[in-house]
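Below, each chain spelled out in residue letters.
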Amino acid sequence: MEANGNILFSGVGGQGILLASEITAYSLLAAGFDAKKSEVHGMAQRGGSVTAQLRYGKKVWSPLIEPGCADIQVAFEMMEAVRYLPMLHAGSTVIVNTQRILPPAVATGQTAYPENVLDHLSSRNIRVVPVDAFDLARAVGEVRTANVVMVGALSAFLPVDTAVFAEVIGTRVPERFRDVNLKAFEAGRQAGW
Amino acid sequence: MTNAKDDTLWMSGNEAIALGAWEAGVKVASGYPGTPSTEILENLCRYDGVYSEWAPNEKVGLEVAIGASFAGARALATMKHVGVNVAADPLFTASYTGVGGGLVLVTADDPEMHSSQNEQDNRNYAFAAKLPMLEPSDPMEAKEMLKAAYELSEEYDTPAMLRITTRVAHVKGVVSPGEKLPPKVEIGIAKVPAKLVMLPSLAKKRREVLEERMGRLRGLAEVSPFNRIEDGDRKRGFIASGVSYLYVREAFPEAAVLKLGICWPLPEKKIREFAAMVDELYVVEELDPFLETHIKAMGIGCHGKDLIPAIGELNTAIVRNAIDPAGRRESFAPVDLPPRPPNMCAGCPHRGIFFNLSRMKVFVSGDIGCYTLGFLPPLSSMDACVCMGASVPIAHGMAKALGEGAHSKVVSIIGDSTFVHSGITGLINTVYNNSASTLIILDNRITAMTGQQPNPASGQTIMGEPAHALDLEGLCRAVGVRHVYTVNPHDVPETRKVLKEAVELSEPSVVISRAPCVLLPEMKARKPVSYFTNQENCVGCMACIRLGCPAISWTAFEEGEAELRGYKKSQKGVSKIDEIVCNDCGQCASLCKFNAITRKEA
Ligand SMILES: Cc1ncc(C[n+]2csc(CCOP(=O)(O)OP(=O)(O)O)c2C)c(N)n1
Ligand code: SF4
Ligand code: SF4
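**Some remarks on the overall build of chain A**
Of regular secondary structure, chain A possesses eight helices and six strands. Counted from the first residue to the last, chain A has its helices and strands arranged as β-α-β-β-β-α-β-α-α-β-α-α-α-α. Taking 2.2 N^0.38 as the reference for a compact globule, 193 residues should give roughly 16 Å; the C-alpha atoms of chain A span a radius of gyration of 16 Å, in line with that estimate. Along the first, second and third principal axes, the C-alpha atoms of chain A reach 50 × 40 × 35 Å. Each of the 193 residues in chain A was classed as buried or not, and the buried ones make up 61%. Residue pairs in contact within chain A that sit at least 24 positions apart in sequence constitute 65% of those at least 6 positions apart. When the accessible surface of chain A is totalled, it reaches about 7400 Å², and 50% of it is carbon and sulfur.

This is the structure in structure tokens:
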């Protein structure tokens, strides 16, 4: 485990990427790291491709990850996992929710969703960790916790104790959703191992 | 704004600026939403003891802040970079009047145009309006600099500007809370016409004060801790401000750096001292060669835009590659994938209007808001978009240029917030100068693009308190529009009839499309009801697909599949609605002639 790292969150507007990146950031801070996170709001959020960049370490200067320097990508959609390939390097880990959200050109029948899209990653020596976040979230009883499932899977790759994540989730989500989110986190963590 | 650990906070630049405003004792804050500035007021309005509001536009917002400052209060105006263009008129003369209570204008610039129509560099405004400008690198510094800006504003009797960019506004970092600044100026009415009444004879005197003040500010820039030399390897020396400083520190951690926290006026002596210290001087800045030009004017040689791109954002890699190409790191080439552009939400009321426009042979003079997405396929029905409010006069100008009968070939389209911001004067002009074009006002009850802020037509304030809701129909009639229609955009065929009638008229007309944005809390709270496809009735005509609703998708048939599934041999596929995504607007159902789309009662 490294004492610093760059985590890229990617997905489609409305998938709960911001909450996932917030939980991760708070957990890293609680574990004693400095951190910075970049997001883009506005136009980018209307169902388009979105990212959040989180960097941690002893001291973080730039809020942006350099191309080729993302150590982990948490992708909430399969094609989005591949869209940010230039941000990754050989040896990066990509935790990917095996969900397909059709972009307009695919939904309107003009083009097809690319087949075996994750091969673009594995063929470049990038480790792919598939997680069926929806299925796991459904299994714990709340489909809307898919983003926390993804955090659980990510936690397996970070130098932060599970207890720290659990505490952060305890304070970040409304009381009545706490237990189900903790279960979602645990389910994700199992999938990440 | 919650604790990260101990007494530190984890905040975005905008949240930190709101905290800074509170710590600085700001009493009155006004502004207009605009990415990346919006969250400043959205956060500040939750602090006790601060009055916050959304103004109809940035000029009004700044004028409100100027008024509060004249009455002795510390005042804040916030806006995005292009908002300063709108507020430039009061800004340039407030520089002459100076302040009562401290007055700060925050300009949030958007290099790379993540969510903007241009990427102007507002440091130029500080130069042009003869005002001091501070430029933080991260959230913590944004808070500290805002407080310092208030002290400076009162001490030097000047409005001050704080310039942030997207990578400060929307970056989260660790922030420590600080002390509250005690007030220095008493609240009250002070009649000082020599300072506040800017007619020529008095303004001429103030003009001299401006020059003298700029001289004193230069002195401050020499000694301010915000302008500091961080010594290091002197082979390459860097001058940087704002977020560029962070990229320099990361790309060249050993190098000597002069960080300019005050980016206007510049500390000439300090710059000379630094230039003399280092072998080669590099100015690293995003967008315009602002520092570079002024440093070169001092007769100091340096590298700048000969190496560093003037277009778009910088980052560590761009800075490193530009200055030290040998240090370049390789990265993977992108893979060709279907793009995923933003799209209007499922159930968005704007979609039905653009669907109709896509079927009318008209030039659509557009404006800025969620509805600008009507430009994208499959609707593809916006033909121009320049700046807020421009849709109406551009349509009028085109009609005048095209001559007789052209009024039915050009329509303008504008959102409710944008209409109130700067569309009304354009409409007055259309009526006054005997045009006959049609204006469509998309009244979705809110300023949606920037994240659902209330506006003067919404019936509530920034705090969610009830307020007068501007009567758009009444206003249009009052300015002289005799043909004002109101339509429900979700009924697509009915709306088309009205649009056709309005466009044919030889007098000005306004069509108000009224239906709420689906992201409004009251819309989200509705019980889930959706539409669904009776696929056995679907004939594959694609009428609903052409709406471009994200809830509707097309499944193409394979060879022979149509017959196998009991459809006509020639049918190419069927349409399907994702009932979880559907937002119950009914537009697709109003278009389907085959009873293949029906509402599913809960
Ligand atoms: C001068 C200026 N100020 C602010 C903005 C940012 N901005 C773009 S559109 C918009 C308002 C959109 O609201 P509305 O017209 O009601 O359309 P909606 O998004 O609700 O469809 C804002 C605030 C801008 N582009 N220019
Ligand atoms: S936020 Fe509102 S106005 Fe904007 S696209 Fe969605 S529904 Fe339409
Ligand atoms: S009713 Fe039709 S057009 Fe409206 S949101 Fe649902 S699927 Fe989309």
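**A short note on the overall build of chain B**
Summing up its helical and strand segments, chain B has 21 helices and 23 strands in all. Taken over C-alpha atoms, the radius of gyration comes to 28 Å for chain B, in line with the 25 Å a tight globule of 602 residues would show. In terms of its C-alpha atoms, chain B occupies a principal-axis envelope of roughly 85 × 60 × 55 Å. Taking all 602 residues of chain B together, the buried fraction comes to 58%. For chain B, contacts bridging at least 24 residues in sequence account for 74% of all contacts bridging at least 6. Accessible area for chain B stands at about 24300 Å²; split by element, carbon and sulfur atoms hold 56% of it. Measuring between centres, the 63 positive side-chain charges of chain B sit 3 Å from its 71 negative side-chain charges.

**Points about the sheet that holds strand S12 (residues 255-260) of chain B**
Two orientations exist for strands paired in a sheet by backbone hydrogen bonds: parallel and antiparallel. All names here are of chain B. Taken in spatial order, the four strands make up an open sheet running S10-S12-S11-S14, and their pairing is mixed. Either end of the sheet is taken by a strand with one partner, and the two such strands are strand S10 (227-230) and strand S14 (280-284). Neighbour to neighbour, the strand axes of the sheet diverge by 15° on average, direction disregarded. Relative to S12, S10 runs antiparallel, the two sharing four bridges. Along S12, the bridge assignment pairs isoleucine 229 with leucine 258. On the sheet, helix H12 (residues 290-297) packs against strand S11 (233-240), S12 and S14 and is oriented at approximately 140° with respect to S14.

**What to know about the sheet that holds strand S8 (residues 160-165) of chain B**
Residues and elements named next belong to chain B. Overall, mixed pairing links the seven strands, which are arranged S4-S3-S5-S6-S8-S7-S13 in an open sheet. The open sheet terminates on both sides in strands that have one partner only, identified here as strand S4 (51-54) and strand S13 (262-264). Where strand S7 (residues 133-134) and S13 come together, two bridges link them in antiparallel fashion. Pairing of leucine 134 across the sheet is with isoleucine 262, part of S13.

**Remarks on the site of ligand 2**
Every residue lining ligand 2 is accounted for by A:Arg46, B:Met344, B:Cys345, B:Cys348, B:His350, B:Cys370, B:Asn444, B:Ala448, B:Gln452, B:Cys517, B:Val518 and B:Leu519. More than one chain reaches ligand 2: its neighbouring residues belong to chains A and B. When its residues are assigned to classes, the shell around ligand 2 shows eight nonpolar, three polar and one charged.

**Describing the site of ligand 3**
Neighbouring ligand 3 are the residues B:Ala346, B:Gly347, B:Tyr531, B:Cys549, B:Ala551, B:Ile552, B:Ile577, B:Cys582, B:Asn583, B:Cys585, B:Gly586 and B:Cys588. Looking at the shell around ligand 3, its residues break down into nine nonpolar, three polar and no charged.

**Focus on the packing of aromatic side chains**
Residue and element names in this part refer to chain B. Following the criterion strictly, the structure yields eleven aromatic pairs over all chains and no others. Their ring planes at 75° and their centres at 6.2 Å tell us that phenylalanine 92 and tyrosine 125 sit as a pair that is edge-to-face. Remark: tyrosine 125 occurs in helix H5 (residues 123-129) and phenylalanine 92 occurs in helix H4 (residues 81-97); sequence separation between them is 33 residues. Ring geometry for phenylalanine 238 and tyrosine 282: centres 5.4 Å apart, planes at 25°, overall stacked. Here the residue phenylalanine 238 occupies a position in strand S11, and tyrosine 282 occupies one in strand S14, the gap between them amounting to 44 residues. Per residue, the accessibility class of phenylalanine 238 equals that of tyrosine 282, and both read buried.

**Comments concerning the side chain of B:Thr38**
Counting through the fold element by element, B:Thr38 comes out in the loop between strand S3 (28-31) and helix H2 (39-44). Residues within four places of B:Thr38 in sequence aside, it is in contact with B:Asn14, B:Pro33, B:Trp54, B:Thr450 and B:Gln453.

**Remarks on the nonpolar core**
Residues and elements named next belong to chain B. Within the largest apolar cluster, 103 residues are counted, with the highest numbers of intra-cluster contacts made by Leu76 and Ile239. With eight residues, the single largest contributor to this core is helix H6 (residues 139-156). Looking at which domains feed residues into this core, each of domain 1 (9-223) and domain 2 (227-326) gives three or more. Setting aside residues no more than four positions away along its own chain, isoleucine 239 makes contact with Leu258, Leu260, Ile271, Phe274, Leu281, Tyr282, Val283, Val284, Leu291 and Ile295. Judged by nonpolar contacts, the second largest core, of 61 residues, contains Phe355, Val392, Val411 and Trp554.

**Observations concerning the domain arrangement of chain B**
Looking at the assigned domains, one finds that chain B contains domain 1 (9-223), domain 2 (227-326), domain 3 (350-523) and domain 4 (526-600). For domain 1 of chain B and domain 4 of chain B, the distance between their C-alpha centres works out to 52 Å.

Rules used throughout
- Residues numbered from 1 in each chain as written.
- Chains lettered and ligands numbered in written order.
- Predicted model: local features only at pLDDT ≥ 70, side-chain atom pairs only at ≥ 80, totals over all residues.
- Heavy atoms only, no water.
- Helix = DSSP H or I, 4+ residues; strand = E, 2+ residues; numbered from the N terminus.
- Rg over C-alpha atoms; globule rule 2.2 N^0.38 Å.
- Buried < 20%, exposed > 50% of the residue type's maximum accessible area, 1.4 Å probe, protein only.
- Contact = heavy atoms within 4.5 Å.
- Areas by Shrake-Rupley, 256 points an atom, 1.4 Å probe, with all protein chains shown as cover.
- Lys, Arg positive; Asp, Glu negative; His and termini not counted.
- Charge placed at Lys NZ, Arg CZ, Asp CG, Glu CD.
- Pairing = 2+ DSSP bridges.
- Axes fitted to C-alpha atoms, helices over the stretch in contact; angles between N-to-C directions.
- Near = heavy atom within 4 Å.
- Nonpolar A, V, L, I, M, F, W, Y, C, P; charged D, E, K, R; others polar.
- Phe/Tyr/Trp six-rings, centres within 6.5 Å; stacked < 30°, edge-to-face > 60°.
- Core = buried A, V, L, I, M, F, W, Y, C linked by side-chain atoms within 4.5 Å.
- Domains from an automatic or database assignment.

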